[in-house]
Amino acid sequence: MAVTQADRIKTARNGFARHRLSWIDALPFLFAAALYSITSRYLPLGTQVMIQIVFAMSLDLALGYGGIDSLGHVAFFGMGAYSAGLFATHVSSDPILGMLVAAVAGALTGLITGPVVLRTRGLTLVMMTLAVATMLQELGNANAMKPVTGGADGLFGYKIAPLFGLFPFDLAGRTGYWYALGIVAIVFFICKVVVNSPFGLAIRGIRDNPVRMRMLGVHVTTRLVTLYSISGALAAMAGGLSAQVTKLVGLDSLAFLLSGNALVMLILGGTGSLYGAIVGATIFVVLSDRAAAVDPFNWLFVIGFVLILAVRFAPQGIVGLLTEWSRRAEARRSAK
Amino acid sequence: MLSVVATFAALFVDGVAYGMILFLMSVGLTVTLGVMRIANLAHCAFAMAGGYMAFALVQSGHFTLFTALPLAALATMILGAALERTVYRWVYLTGQLGQILMTIGLVFIIVATANLLFGSNLYALALPDWLSRSWSYGAVAISAYRVFIIGVSAGIAAVLWAVLEYTDFGAKLRAAVDNPRMARCVGIDVPWVFSITFSIGCGLAAAAGILGTQIMPLEPWYALEYLVPVLMVVAVGGLGSLKGSFYAALVLGIVDTFGRYYVPAAGAFVIYLAVVVLLLWRPSGVFARA
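Residues numbered from 1 in each chain as written. Chains lettered and ligands numbered in written order. Predicted model: local features only at pLDDT ≥ 70, side-chain atom pairs only at ≥ 80, totals over all residues.

Mind showing me how you'd approach the overall build of chain B here?
When helices and strands are counted, chain B shows 14 helices and two strands. Over its C-alpha trace chain B gives a radius of gyration of 19 Å, about what one expects of a compact globule, namely 19 Å for 290 residues. With the principal axes as the frame, chain B shows a C-alpha extent of 60 × 50 × 35 Å. Going through the 290 residues of chain B one by one, you find that 49% of them count as buried. For chain B, the proportion of contacts with a sequence separation of at least 24, taken over those separated by at least 6, is 75%. (Helix = DSSP H or I, 4+ residues; strand = E, 2+ residues; numbered from the N terminus. Rg over C-alpha atoms; globule rule 2.2 N^0.38 Å. Buried ≥ 20, exposed ≤ 12 C-beta atoms within 10 Å, placed from the backbone. Contact = placed C-beta atoms within 7 Å.)

In structure tokens, the structure reads:
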């Protein structure tokens, strides 16, 4: 049977549809809301999960959709955390304004470093992303910057005003939980819009074949820098969220381990679907909360083995495995 | 005036010594990249493994720095060869992202092992008396240890160059770097050449790790700490180019040392700035062939 034009259009539509918003997307949020009404014991942990979900989603945008192998995504997280912390210390304690400032700081970091980093390819690009993060960490620790960043002590003791002027950030973390959930929803929505836009399609094209996209007249570097900045802004929102909810910004918000963790979350959950970020971050943070409390270095053993085994045996991640499984089940049903 | 010259000379020696250590560390990585296109981010972990092994040998009391050096380097070569035969077989099968993730996973495992065995303290190997002194000529003080590092590394570099240039194995390796497929076609066993080179690269990294402990002290996160400078050397030198790595390591070592001394406010940034400028000028490496 020949493949007709109509078939092709249908396949293309299905390809788009998989990335569109659907009713399933509401599930994680319903789950989070349900968790709130059942118990308040895990609210701080839930908030940490959501911070990492935002961070992992931003990385997925750059890495999973854009093919930018970034080992230095923590640079954006740290920029967001420090700018939100500094904004709260010196300018205004309004959380929404602080979040916007963090996002702008992240976008600017992407706009400034992007043209340099994305000019290179392959391992050089990986090195450049790593170098940017290391550079920012040294900047945060530099003696000259100590009056601003607080050096190794970091930023602390700043206040965050009640959300919308109505809901103060309480010790039990109720407001923080809902605030984080709201940010997750906003970031998820932004990611969906970006991915489904013509721009998102061009980005996926660049990931799969940059040379061909250039021949089609797409300005590859400009698109990549734009994506890098959007992803940077979202990662900075994760950092800003962390700064506002924990009221503490340390040098560890610029440490490599955070980049590494986000990569583990993505490979665990699966790249290029956004759901992988949600699943991976949830599993990773919940597990590491238990394990890292016992012994951080032995936890590192586990992360190392998981990375190697996951890449070897399940490179598509949990979400990828589930998708394949459901597709197979569907094929079996339609064969009957 | 004299003191300016003296500082300059001392800094120059420090910079060259640091550059030489970076070169020894980057040899294995650049060959891995050149021949197999493998992004082996675990390379510095071998330098750390060698350093810790030598440290353990010296601690046991039966060895000195110089008897421990060949033993630990040999042990690291065996470790490298063993990993290349096992875990790295998986690494070869995946794409770039997979390679990065797998080798980072390996780094995490080695970091955790180092912490388990040695704790999180900083260690440096003790130097014999004749190395811990320094020569002074008027205002110029030059550390014997730095000169020793330069001498030994230059010796190793010369041997490397001679092996590459004049031996059968060197010719095979050069062919494999330039064109792996063609090398296979003319009957060179590229995977075998590669395995040997990988192991030698691990040994050289170990030697650098052992010799350099006074400049780069051992600690569990060593494997990640020095990954960035080593990657910079490889990127600026051009992937697969030993000569490029050599020059790049010297330039970056000197620039970093001078930068930290003369512009303390900018501290470590001088080297990043230098790398950014160099790579903007020539994205595929300054010393790479066009």
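Before we go on, may I ask you to explain the nonpolar core in this structure?
The nonpolar side chains of a soluble globular protein tend to be buried with one another. Grouped together as the largest cluster of nonpolar side chains are 202 residues, with contacts concentrated most on Val54, Met57, Met237 and Leu307 of chain A together with Met48, Val107 and Ile110 of chain B. In terms of residue count, helix α1 (residues 2-36) of chain B provides more of this core than any other element does, 17 residues in total. (Core = buried A, V, L, I, M, F, W, Y, C linked by C-beta atoms within 7 Å.)

Sorry if this is basic, but what is going on with the interface of chain A and chain B here?
Frequently, the measure chosen for interface size is the accessible area that the parts lose on association. Between chain A and chain B, the residue contacts involve 33 residues of the former and 36 residues of the latter. Where the side of chain A that touches chain B is concerned, the elements lending two or more residues are α6 (122-141), α12 (256-269) and α14 (296-313) of chain A. With 11 residues, the top contributor of residues to the side of chain A that touches chain B is α14 of chain A. Grouping the constituent residues of the side of chain A that touches chain B by class yields 22 nonpolar, seven polar and four charged. (Nonpolar A, V, L, I, M, F, W, Y, C, P; charged D, E, K, R; others polar.)

In this structure, what is going on with the confidence of the model for chain A? I would like to understand it.
A low pLDDT score tells you not to read the predicted coordinates there in detail. Across chain A, pLDDT averages 83, with 91% of residues at or above 70. Within chain A, no element has a lower average pLDDT than helix α1 (residues 5-17) of chain A, which sits at 62, and none a higher one than helix α11 (residues 220-246) of chain A, at 92. (pLDDT = per-residue confidence, 0-100.)

Sorry if this is basic, but what is going on with unusual backbone geometry here?
With the exception of glycine, most residues fall at negative phi, and the peptide bonds are largely trans. All names here are of chain A. The backbone of lysine 247 shows a phi angle near 55°, a positive value even though the residue is not glycine. Overall, lysine 247 belongs to the partly exposed group, with 17 C-beta atoms counted inside 10 Å. In this structure, leucine 274 is a non-glycine residue whose phi angle is positive, near 70°. Residue position: leucine 274 is located in the loop between α12 and α13 (275-294). Judged by the 24 C-beta atoms lying within 10 Å of it, leucine 274 is buried.

Even after reading the chapter, I still don't get the packing of helix α13 (residues 242-262) of chain B against helix α14 (residues 269-281) of chain B, so can you show me in this structure?
Relative orientation and spacing of two packed helices are given, respectively, by the angle between their axes and the distance between those axes. Residues and elements named next belong to chain B. Running from amino to carboxyl end, α13 crosses α14 at an angle of 140°, the nearest separation of the two axes being 8 Å. On the basis of the axis angle, α13 is oblique to α14. In the packing of α13 onto α14, the handedness of the crossing is right-handed. Residues Leu252, Val255, Asp256 and Gly259 of α13 lie in contact with α14, whose contacting residues are Val270, Ile271 and Ala274. Of the residues contributing to the contact of α13 with α14, the split by class is five nonpolar, one polar and one charged. (Axes fitted to C-alpha atoms, helices over the stretch in contact; angles between N-to-C directions. Parallel < 35°, antiparallel > 145°, perpendicular 65-115°, else oblique. Left-handed = near helix turned anticlockwise from the far one by under 90°.)

What exactly am I supposed to notice about α14 of chain B here?
Spacing of three or four residues puts side chains on the same side of an α-helix, whose turn is 3.6 residues. Taking 1.5 Å as the rise per residue, α14 of chain B with 13 residues should run 18 Å; its terminal C-alpha atoms sit 18 Å apart, in good agreement. For α14 of chain B, the complete set of buried residues consists of Ile271, Tyr272, Val275, Leu278 and Leu279 of chain B. Viewed along the axis of α14 of chain B, the buried residues span an arc of 130°, placing them on a single side of the element. Those residues of α14 of chain B that are exposed and angled more than 90 degrees off the buried face are Val277, Leu280 and Trp281 of chain B. Packed against the buried residues of α14 of chain B are α6 of chain A together with α12 (227-237) and α13 of chain B. (Expected span 1.5 Å × (residues − 1). Arc of directions from axis to C-beta.)

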